[in-house]
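So you can see what is in the structure, the chains are spelled out below.
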Amino acid sequence: MDYQKKRVIVDDKLRHRHRRLRLLIKNLNKKRKKQAKKIDILCNDFIAAQRDFIKSLKTISFIANFYESIIGITELNSLLYTAVKLIKEENAEANVTFFLRQSDNFELHMFESEQPITLEKQDIENCFNAELMDNICKSNKVCTLDDMFAMGMQGNLIGLSNISGVTIPLGLHGSSLGFILICRSSENKLTAEEISNISAVTCGLSRAIQCCRAMLHPAD
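Now for a description of the structure that goes with this document. These numbers were taken from a predicted model, which means no experiment stands behind them.

Section: a positive patch on the surface
Move 1: A cluster of basic residues, Lys 26, Lys 30, Lys 31, Lys 34 and Lys 38, forms a positive patch on the protein surface.
Move 2: On the secondary structure map, Lys 30 appears in helix H1 (residues 3-70).

Here you go:
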């Protein structure tokens, strides 16, 4: 075999080895990309799970602190003031008003200190008539301002344009005790998480309200 033929054979072998090497590297890169994608998915899942876990811990902490704070309170105004204070601490810049059912009407409870405050003419609470309050109670759900307007809320739309608000029902065993109105600026709307946290304490709060009323009117 002459030199030229040997050179051709050697070149063919080298080209074959190069092809095999390129194929091997290509397959290796594919596997690395797949592995990296799997790692990214696992990391994202882990971060999401950790985030959800932290949220759950915050909710549990709020609920535990809330119930611990209202245990033993037997006077209605003190109970509602404490509830307002705790909700405001958890939800900065929120205004909180309780609408509690009576036999044939509603009582409004608003606090800036331990003593209830009265309504101002421009307050959103003045937009609530008996029919609207009754409709909110019957809905037994979280209601937005849009929901309230659909239920018959009357008010100055321009004046309310800078306000966001929701109502959260209070009740026991299918019977409505009223609702909580929570308002904040339209630029800082309550988040779904914040609403969920408040809703999580309404069952125990409703029981406490009922107990305070029973002690206030033991013969009823």
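Next, the rest of the story.
Overview of the pattern of salt bridges
Move 1: If you walk through the whole model with that rule in mind, you get 3 salt bridges.
Move 2: For the salt bridge of Arg 184 with Glu 194, the shortest nitrogen-to-oxygen distance reads 2.8 Å. You can see Arg 184 sitting in strand E5 (residues 175-185) and its partner Glu 194 sitting in helix H6 (residues 192-199), a full 10 residues away along the chain. With respect to class, Arg 184 is no different from Glu 194; both count as buried.
Move 3: Several salt bridges converge on common partners, so that one network encompasses Arg 101, Asp 134 and Lys 138.

Some words on a nonpolar patch on the surface
Move 1: Together, Phe 53, Ile 54, Leu 57 and Ile 60 make up an exposed nonpolar region whose accessible area comes to about 390 Å².
Move 2: Its location among the elements puts Leu 57 in helix H1.
Move 3: Taking the relative accessible area as the measure of exposure, Leu 57 reaches 43% and is therefore partly exposed.

A short note on the pairing of E5
Move 1: Burial within E5 is extensive, with 8 of its 11 residues counted as buried.
Move 2: The sheet contact formed by strand E1 (residues 95-101) and E5 spans 6 bridges and is antiparallel. Looking at the pairing, Thr 97 lines up with Leu 181 of E5.
Move 3: Note that strand E4 (residues 163-172) and E5 share 10 bridges and pair antiparallel. Looking at E5, one finds that Gly 165 is bridged to Cys 183.
Move 4: Count of turn residues in the E4/E5 antiparallel hairpin: 2 residues, of which His 173 carries a positive phi of about 50°.

Cut-offs applied
Residues numbered from 1 in each chain as written. Predicted model: local features only at pLDDT ≥ 70, side-chain atom pairs only at ≥ 80, totals over all residues. Heavy atoms only, no water. Patch = residues over 30% accessible without salt bridge, like charges linked within 9 Å, V, L, I, M, F, W, Y side chains within 5 Å. Areas by Shrake-Rupley, 256 points an atom, 1.4 Å probe, with all protein chains shown as cover. Salt bridge = Lys/Arg side-chain N within 4 Å of Asp/Glu carboxyl O. Lys, Arg positive; Asp, Glu negative; His and termini not counted. Charge placed at Lys NZ, Arg CZ, Asp CG, Glu CD. Helix = DSSP H or I, 4+ residues; strand = E, 2+ residues; numbered from the N terminus. Buried < 20%, exposed > 50% of the residue type's maximum accessible area, 1.4 Å probe, protein only. Pairing = 2+ DSSP bridges.

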